[in-house]
Amino acid sequence: MNVWKALGLAGMVGVAATGVLVVRSERKRRAYAPEEVRDQLHRRFAAISAEPQPAAAPPLSRGKQLLSRLRFSRAR
């Protein structure tokens, strides 16, 4: 068997296997009722909004920004 034929066949098998996985995950996703999806999203949002927000760090001065870029370029 020609090497290129074997590679082509392996590629086709890979595409087919990927298609099977996509179809399977799509079936799982569509198995949820809209109410279940909405409830999950509400729970996630409530969990995220219940966490305290971290304090924002003050912006770096222009000099510190340039120094950090200079250090980065030296590390290369």
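Attention shifts here to the overall build of the chain. Counting secondary structure elements, the chain contains three helices and zero strands. In terms of overall size, the chain is more extended than a compact globule, its C-alpha atoms giving a radius of gyration of 26 Å where 76 residues would be expected to give roughly 11 Å. Each of the three principal axes of the chain carries a C-alpha extent, and together these read 65 × 50 × 10 Å. Looking at the chain as a whole, 0% of its 76 residues qualify as buried. Accessible surface, the chain as shown: approximately 7500 Å² in total, 64% of it carbon and sulfur.

On to the pattern of salt bridges, then. Where side chains of opposite charge bring their charged atoms close, a pairing between them can arise. Considering all chains together, one arrives at one salt bridge under this definition. Note that Glu26 and Arg30 form a salt bridge whose closest N and O atoms lie 2.8 Å from each other. In this pair, Glu26 and Arg30 are both assigned in helix 1 (residues 3–30), four residues apart and thus about one turn of the helix distant. For Glu26, a relative accessible area of 29% gives the class partly exposed.

Judged by side-chain polarity, Val3, Trp4 and Leu7 come together as a nonpolar surface patch covering roughly 390 Å² of accessible area. By the secondary structure assignment, Leu7 is in helix 1.

All right, on to the confidence of the model for the chain then. Averaged over the chain, the pLDDT score is 85; the fraction of residues at 70 or greater is 92%. Within the chain, helix 2 (residues 34–50) carries the highest mean pLDDT (91), whereas helix 3 (residues 62–75) carries the lowest (76).

About the cut-offs
Residues numbered from 1 in each chain as written. Predicted model: local features only at pLDDT ≥ 70, side-chain atom pairs only at ≥ 80, totals over all residues. Heavy atoms only, no water. Helix = DSSP H or I, 4+ residues; strand = E, 2+ residues; numbered from the N terminus. Rg over C-alpha atoms; globule rule 2.2 N^0.38 Å. Buried < 20%, exposed > 50% of the residue type's maximum accessible area, 1.4 Å probe, protein only. Areas by Shrake-Rupley, 256 points an atom, 1.4 Å probe, with all protein chains shown as cover. Salt bridge = Lys/Arg side-chain N within 4 Å of Asp/Glu carboxyl O. Patch = residues over 30% accessible without salt bridge, like charges linked within 9 Å, V, L, I, M, F, W, Y side chains within 5 Å. pLDDT = per-residue confidence, 0-100.

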